[in-house]
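What follows is the residue order along each chain.
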Number of protein chains: 2
Amino acid sequence: MADGAQPGSVGLVSTKTVRLFTTESPLMLELGGSLGPIDVAYETYGSLSPAADNAVFICHALTGDAHAAGFHERAKRPGWWDNLIGPGRPLDTNRFFVISANLIGGCQGSTGPSSTDPATGKAYGLHFPLLMMRDLVEVHRALVRHLGISRLVAALGGSLGGMQVLQWALDHPAEVANAIVVAASSRLTAQNIGFSAVARRAIMTDPNFADGAYAAGGVNPDTGLAIARMMAHITYLSEDALTEKFGRQPHPDRQHPGFGIDFAVESYLDHQGQVFLERFDALSYLYLTRVMDYFDPFAAPDALEAVTADPVKWLVLSFDTDWRFGTEHSRRIVRKLERAGQPVTFREIPSAWGHDSFLLPVEPYHATLRAYFDRALKEVRA
Amino acid sequence: MADGAQPGSVGLVSTKTVRLFTTESPLMLELGGSLGPIDVAYETYGSLSPAADNAVFICHALTGDAHAAGFHERAKRPGWWDNLIGPGRPLDTNRFFVISANLIGGCQGSTGPSSTDPATGKAYGLHFPLLMMRDLVEVHRALVRHLGISRLVAALGGSLGGMQVLQWALDHPAEVANAIVVAASSRLTAQNIGFSAVARRAIMTDPNFADGAYAAGGVNPDTGLAIARMMAHITYLSEDALTEKFGRQPHPDRQHPGFGIDFAVESYLDHQGQVFLERFDALSYLYLTRVMDYFDPFAAPDALEAVTADPVKWLVLSFDTDWRFGTEHSRRIVRKLERAGQPVTFREIPSAWGHDSFLLPVEPYHATLRAYFDRALKEVRA
């Protein structure tokens, strides 16, 4: 798994916030209605070239945030995609200008259901509008315009991030020279929706959920959110990875068999649930999983019109042990794009780690991205 | 899936109850301590031959009960394995005497954590002792003795039922001429344990759980138990089966996208959770999933001594789309048994339905069982 060529970190970074839509000039939403104001938290790494032709936009997954690389002041851990982004790393900040934004509906700086509704002075809660993938993309587009960029070398994302990339490139091919879609889906299966439905059930039946108005009471539906995360986490790893990491090892503190944390894997899942509570909001979990459930871009009759007229270069990657959005999901995206005459490179990457692989420095994965970015920059400058 | 040769039903049946252990003569438990009284609910189908040489014992899975075949008075639905058991059916009650018992720790007539503790006059709750697989088997053995049977033609079970069969035949090979282990495991993986851990978490964090003393309050941890069942149900079906049944169909009552039941698969899981509450107890869910977590019979150094001296005939079956206890689990059982010189027949049955296949009239599965039972009866009478 180690990546031999990982010299640099982008070093100290901080998150900026910008208001991209206002109450007077709101975002018009896919399902009707509007949303404003919209603030967006974002970070950038590297320098934008004078020609503004070296920008790469990172779309994060369900529980990600704007802090993809480098270190925040006094932080011990770097951003979530630090293994990928930095000077000399596969997405080389000596050459690329990388933009990473918290998506709307999220809870880490960008406007979401726990933000204050200016109409009431209280948190939106369930009065926040239901979002669709295009709404997330429209806000990214506004940020890109704000930064003075008219065309990205690439948009890149894994899982829900890849779904944003897919929607963006399908709708606005002139803005995205290369679309890199990793471990994503163009249409969730009934099983995918089922797991998210159970997670939402756990959150919404937590007595602290209070119909989504929990912020007013100063309590959070932590029990339900932890259950949601524990269950989801099982689906993010391959069965073999969980076996390799934990097998049937007893938890070191186990005294007598009972209903506590008897096995190491139980301790691990418990920990994953608990640390999640410190950084994520239950309402965002509801809204963003629903964005994924409803995502079905190729169902629109005109889905491929824009890219047919103005092709994008696509890189679609899956991981062979991913059972959340396995290779069949990626193959479907590839088939649809190829029928529309798109130049698509597809690779199924061998990796032991399941869906989570897209976050990890899996060697053939990083090598593929490194080579792809090198070529992409040469091509846009050719 | 249809089984062409399924003429008969065993007709009207009723559940009997027998006290097999008393306070004075309790069951000595695997982890130490004892349990008594123990009542067992059971049903029988067909007639015991004068030589008592035609008995087949059915071990049920996690949420099963004694009512495997035929109809209870005024019931619209037959027992849970009615497609298998009856006159002319693969387990032919014209020739076999079939015994089906609710296991201890359960909640459908046999003694379990919701039974009354004679020491307190209240439900045991979490004071019920933790059970191991051998405890379940010891009670089955006592029932078989009670019925005047010294040797079974076969013991048969799927999932947790197959695990009981495995333990029984390993420990007491003289009592089980044929051991039929379907869709079972000899050792849960970390993923298996993880799913059950999340299910238990949902139950135990339900405010109504009340540290297991909910019976006294007259309320049940229905919210948590339904979540546990919904999640488990996803794992009982193959991804393709869920896709075929539901795909991405909207729920007919869907008005606007939201956080209710928008997709057909959500309605299905919700229904599965709700009907489960009518027939199952949250404490039994805890106790019986823990029995499975700890089950690891081949880990004992002397695990194979008894069967090595006195071989059992084994039939081990898996289903190709089962991802709860997939074929690798069965192959492990087969490898261990073959190393001990056991005659093992193994088949991986093609079936679209995942783990649940063991309950369904999958044609090659039923054909295999029919042929096996025919041969087994001839052999014990040879």
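For the structure, check the block above.
Keep in mind that this is a model prediction, so the values were computed, not measured. (Residues numbered from 1 in each chain as written. Chains lettered and ligands numbered in written order. Predicted model: local features only at pLDDT ≥ 70, side-chain atom pairs only at ≥ 80, totals over all residues. Heavy atoms only, no water.)

Visitor: Please set out the overall build of chain A residue by residue, giving values where relevant.
Guide: For chain A, the helix and strand inventory stands at 11 helices and 14 strands. Computed over C-alpha atoms, the radius of gyration of chain A comes to 20 Å, within 12% of the 21 Å expected from 2.2 N^0.38 for 382 residues, which places it in the range of a compact globule. Along the three orthogonal principal directions, the C-alpha set of chain A runs to about 70 × 50 × 45 Å. In chain A, the proportion of contacts linking residues at least 24 apart, taken out of those at least 6 apart, comes to 74%. Accessible area of chain A: about 14200 Å², with a carbon and sulfur share of 50%. (Helix = DSSP H or I, 4+ residues; strand = E, 2+ residues; numbered from the N terminus. Rg over C-alpha atoms; globule rule 2.2 N^0.38 Å. Contact = heavy atoms within 4.5 Å. Areas by Shrake-Rupley, 256 points an atom, 1.4 Å probe, with all protein chains shown as cover.)

Visitor: Help me get a handle on the interface of chain A and chain B, residues and values and all.
Guide: Residue-level contacts link 52 residues of chain A with 52 residues of chain B. Here chain A meets chain B over a buried area of about 4400 Å², counting both sides, of which 67% is carbon and sulfur. Ranking the residues of chain A by area buried against chain B places Arg201(A), Arg248(A) and Phe259(A) at the top, with a combined share of 19%. Between chain A and chain B we count 10 salt bridges in total. In this structure, the salt-bridge partner of Arg290(B) is Glu266(A), at a minimum N-O distance of 3.0 Å. At the junction of chain A with chain B, the criterion picks out 22 residue pairs in polar contact (both at pLDDT 80 or more). (Buried area = accessible area lost by both parts, 1.4 Å probe. Salt bridge = Lys/Arg side-chain N within 4 Å of Asp/Glu carboxyl O. Polar contact = N/O pair within 3.5 Å; in protein donor to acceptor, adjacent residues only side chain to side chain.)

Visitor: An account of the sheet that holds strand β5 (residues 55-59) of chain B is needed here, citing residue identities and associated values.
Guide: Residue and element names in this part refer to chain B. The strand order across the open sheet built from eight strands is β1-β4-β8-β5-β11-β12-β13-β14, with neighbouring strands paired in mixed fashion. Of all strands in the sheet, those with a lone pairing partner are β1 (16-21) and β14 (344-349), marking the two edges. Within the sheet, the average angular offset between the axes of one strand and its neighbour, ignoring direction, is 20°. Pairing of strand β4 (residues 38-45) with strand β8 (residues 97-101) involves four bridges; the strand directions are antiparallel. For Thr44, the partnering residue across the bridge sits in β8 and is Ile99. Each of β1, β4, β5, β8 and β11 (152-158) is contacted by helix α1 (residues 133-146), which is oriented at about 110° to β1, the strand it contacts most. (Pairing = 2+ DSSP bridges. Axes fitted to C-alpha atoms, helices over the stretch in contact; angles between N-to-C directions.)

Visitor: Describe the relation of the copies chain A and chain B, naming the residues involved and giving the relevant values.
Guide: Turning chain A through 180° and shifting it by 0.0 Å along the axis lays it on chain B, with an RMSD of 0.0 Å. Here the symmetry operator amounts to a two-fold rotation axis. Most of the interface of chain A is mirrored in chain B, where 100% of its interface residues again form contacts. (Least-squares fit on C-alpha atoms with pLDDT ≥ 70 in both.)

Visitor: Which residues make up helix α5 (residues 222-236) of chain A, and what values do they have?
Guide: With 15 residues, α5(A) extends 21 Å between its outermost C-alpha atoms, agreeing within 8% with the 21 Å of an ideal straight helix rising 1.5 Å per residue. Of all 15 residues in α5(A), 13 are buried; the element is thus mostly enclosed. (Expected span 1.5 Å × (residues − 1). Buried < 20%, exposed > 50% of the residue type's maximum accessible area, 1.4 Å probe, protein only.)

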